[in-house]
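Results of the structural survey
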Amino acid sequence: MPPLGLRRGRAWAALLGQLLRPPRAACAGPGRPHSQFAEAVLTSQLKPHQEKSNFILKTPKGTRDFSPQQMVVREKILDVIVSCFKRHGAKGLDTPAFELKEMLTEKYGEDSGLIYDLKDQGGELLSLRYDLTVPFARYMAMNKLKKMKRYHVGKVWRRENPTIAQGRYREFCQCDFDIAGDFDPMIPDAECLKIICEILTGLQLGDFLIKVNDRRILDGMFATCGVPESKFRAICSSIDKLDKISWKDVRHEMVAEKGLAPEVADRIGDYVQCHGGLSLVEQMFQDPRLCQSKQALEGLGDLKLLFEYLTLFGIAEKIRFDLSLARGLDYYTGVVYEAVLLQAPAPAEEEPLNVGSVAAGGRYDGLVGMFNPKGHKVPCVGLSIGVERIFSIVEQRMKTFGEKIRTTETQVFVATPQKNFLQERLKLIAELWDAGIKAELLYKNNPKLLTQLHYCEDTGIPLVVIIGEQELKEGVIKLRSVASREEVAIKREHIVAEIQKRLLQS
């Protein structure tokens, strides 16, 4: 056999020979020398390596990684949310990350331009899901379901301009709860608002307010103010921006960009600056314009009933009737709501974090019917919790107060002070794992005891079990408290029970 260097040389020569011998198709054209073809092939082969030095290692715009510390915080937030959903009797559901493009089009109004379309792979035209609501409606129609109470935690994607500081991303997590079915008015709607209150209270985010309105009131207001019906959704989309820009800017958009008559815009302005409680609902019943609209009166009637139920739930003081609340998505048909945090004073060295709404939702009675060939409707109402925005708030708060986070849940560390005790450590840790105890050891044959103890202190592991020659001879295991550094000898056969006892007491 030739030496390795010679073999490599021959292999390289063979490769170069192949490159200099172009395929027939490549040299079919006249006047194309073999050397030019070889140069082109070599260039294409080398180009990725030459460009590698210019490669920037980063996440795509509007996305982010989450460190182990951040994941601990996120999991705690999600646990509060999902526990609440389950407490209210919801079943879990998951759907594909992408849907048929036709399933998503014409469901989101002006926001449809934010949908991520996938490249055609020679089959179906697909898009990444924009929210979890439309896939839920598709699932209901596809499986011919008439009622369901479900929750869904999953990622969604939107091609909007991200604002990372405010928790706005192109890829983000949504936590949805929905009640589908034909039930008596406003009972499911009131429960959705109660769930939002429970979650925001449980997350201890500070004081909050939930704004409510009804699409029928908005449509009745538009009609009686003189908005052409063809412009209802476009004007609704403009009104939805009032939490981000001033009424002056919204009015300009409606008049200059959407062609609304100035006097009509001014009539709308008289309404959208009104907000209050049940008394405002009753006041609107007497409004000379709104009382001419049957659908506005229906919406006001449901809001009055809703406030009665909210009072019984003990949360009416957290709810405000706000005529500026529109919710821009086209599929809403009735009550809509949005939760905002009432900004507490930020520490002197911190900028106040304005993240907008942290939860939102509403009634969408026609969406399931859009997927049904016969148009059979299934009334639905639901809510979505803004996990990324809540996480931004919690993360900033933890930085401000310098809170330390444990990234693992390890309860016991298996250590040894001597060499050649790997087998005993492995037998002991297997016993702990089999008993359901969360345990770790260092992946070294002969680790130093001080290194092992420092690891426990650094990672917050509360207990250490130590086995060495003396312990093996006496049939005991030393159990050490990392915090107090106290050690006690426990009989080998009793060690699991003693650890379980201590963990229950902690």
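Everything that follows concerns the structure shown earlier in this document.
Quick summary incoming for the structure in this document. (Residues numbered from 1 in each chain as written. Predicted model: local features only at pLDDT ≥ 70, side-chain atom pairs only at ≥ 80, totals over all residues. Heavy atoms only, no water.)

With that settled, the discussion passes to the overall build of the protein chain. A tally of regular secondary structure across the protein chain gives 18 helices and 16 strands. For the protein chain, the proportion of its 506 residues judged to be buried stands at 44%. Counting only contacts in the protein chain whose residues sit at least 6 apart along the sequence, the fraction spanning at least 24 positions is 68%. (Helix = DSSP H or I, 4+ residues; strand = E, 2+ residues; numbered from the N terminus. Buried < 20%, exposed > 50% of the residue type's maximum accessible area, 1.4 Å probe, protein only. Contact = heavy atoms within 4.5 Å.)

Moving on to unusual backbone geometry. Positive phi outside glycine occurs at Gln204, with the angle close to 55°. Position of Gln204 relative to the elements: it lies in the loop between helix 6 (187–202) and strand 6 (208–214).

In space, the nine strands of this open sheet follow the order 1-4-5-11-10-9-6-8-7, with mixed pairing throughout. Strands at the two margins of the open sheet, each flanked by one partner only, are strand 1 (91–92) and strand 7 (275–276). On top of the sheet, helix 7 (residues 215–225) reaches strand 6, strand 8 (319–322) and strand 9 (335–341); it is set at about 55° to strand 6, its chief contact. (Pairing = 2+ DSSP bridges. Axes fitted to C-alpha atoms, helices over the stretch in contact; angles between N-to-C directions.)

The strand order across the open sheet built from five strands is 13-12-14-15-16, with neighbouring strands paired in mixed fashion. The open sheet has two free edges, formed respectively by strand 13 (439–440) and strand 16 (487–491), since each of these has just one partner strand. Looking at chain direction, strand 15 (residues 476–481) and strand 16 are connected through five bridges and run antiparallel. When the bridges of strand 16 are listed, Val476 appears paired with Lys491.

Between side chains of opposite charge, a pair can form when the charged atoms approach closely. Under the counting rule described, the total for this entry stands at 30 salt bridges. With its nearest N and O atoms 3.3 Å apart, the salt bridge here joins Lys427 to Glu424. Remark: Glu424 and Lys427 occur in helix 15 (residues 422–434); sequence separation between them is three residues, near one turn of the helix. Take Glu424: its relative accessible area is 18%, and that puts it in the buried class. Overlapping salt bridges, with partners in common, bring together Glu471, Lys478, Arg480 and Glu487 in one network. (Salt bridge = Lys/Arg side-chain N within 4 Å of Asp/Glu carboxyl O.)

Read these as spatial facts, not as claims about activity.
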